[in-house]
Amino acid sequence: MLNDLPTLIDPSEFAHRHHRLTGQVALAQMTRIHDRLSDIQGDVLIDWQFGIDDKHRIKIDGYIQTQLIMLCLRCLQPMSSTIDAKTALILLNDGQSSDDIPDDYEGISLTNTPISLTSLIEDELILALPLVARHTVCPSNEYVLSKNVTEPLTPSNPFHILSELKK
Ligand SMILES: [Zn+2]
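Residues numbered from 1 in each chain as written. Predicted model: local features only at pLDDT ≥ 70, side-chain atom pairs only at ≥ 80, totals over all residues.

Observations concerning the overall build of the protein
When its secondary structure is counted, the protein shows four helices and nine strands. For the protein, the succession of helices and strands along the chain, N to C, is β-β-α-β-β-β-β-β-β-β-α-α-α. By the burial criterion, 17% of the 167 residues in the protein qualify as buried. Considering only residue pairs separated by 6 or more positions, the protein has 57% of its internal contacts joining residues 24 or more positions apart. (Helix = DSSP H or I, 4+ residues; strand = E, 2+ residues; numbered from the N terminus. Buried ≥ 20, exposed ≤ 12 C-beta atoms within 10 Å, placed from the backbone. Contact = placed C-beta atoms within 7 Å.)

Here's what the structure looks like:
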């Protein structure tokens, strides 16, 4: 049940209607993170529930998920990084106090509405990016070379085996 998401949203309207946003935005649109990526193909998925907290502030609960191809800082080869991050935002209008924001929520000030949904998702993604992208074990070029040189050629033809079995 994934839809393309609206470009601009009015968070206040969404909150009062208890709107749930589920969908995806192309990574290609999130230009602020492009220099961290080796490949900008793919989408960011969100499932965000809008609501109102007990101090009449707009809140968003949910998560963002994506699969990023980043550059390993050690070997500079591409590496895959799974992002699966909780979203817990309180959006403050002008004049609303940022006091008493629960520890597990992040408060952000709204400037103009409507706001860019892509930009809001991008902000959340930037917070969720690994500080240092690095393979646990970097692929070694030496291994690839020696494997090609020393491995004996053992041709195996599955169709040949199949035809043997049929006999
Ligand atoms: Zn590496």
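Once you've had a look at it, read on.
A word on helix H2 (residues 117-128)
Look at H2: 17 Å from first C-alpha to last across twelve residues, which is about the 16 Å you get at 1.5 Å a residue. When we look at burial in H2, the residues that qualify are Leu117, Leu120, Ile121, Glu122, Glu124 and Leu125. Of the surrounding elements, those touching the buried residues of H2 are strand S2 (8-9), strand S3 (20-26), strand S5 (43-52), strand S6 (58-71), strand S7 (78-92) and strand S9 (115-116). (Expected span 1.5 Å × (residues − 1).)

Focus: the confidence of the model for the protein
Taken over all residues, the pLDDT of the protein has a mean of 86, while the share at 70 or more is 82%. Within the protein, S5 carries the highest mean pLDDT (97), whereas helix H3 (residues 141-150) carries the lowest (51). (pLDDT = per-residue confidence, 0-100.)

Some points on the pairing of S6
Pairing geometry for strand S4 (residues 37-39) and S6, over two bridges, is antiparallel. Across the sheet, the residue bridging to Asp39 is Ile69, located in S6. Relative to S6, S5 runs antiparallel, the two being bridged by eight bridges. From the neighbouring strand, Phe50 faces S6, where its bridge partner is Ile60. Linking S5 to S6, which pair antiparallel, is a turn of five residues; within it His56 sits at a positive phi near 65 degrees. Sheet topology places S6 next to S7; 14 bridges connect them, and they run antiparallel. Each residue of the ladder has a partner; that of Ile58, found in S7, is Leu91. Taking the residues between adjacent antiparallel strands as the criterion, S6 and S7 are bridged by six residues, where Leu76 takes a positive phi near 60 degrees. (Pairing = 2+ DSSP bridges.)

Examining unusual backbone geometry
Geometrically, the link from Thr113 to Pro114 is a cis peptide bond, its omega value of 0 degrees lying close to zero. Locating Pro114 in the fold gives a position in the loop between strand S8 (106-109) and S9. Although it is not a glycine, Asp100 adopts a positive phi angle of roughly 60 degrees. Relative to the helices and strands, Asp100 is located in the loop between S7 and S8. Assessed through the 11 C-beta atoms surrounding it within 10 Å, Asp100 is described here as exposed.

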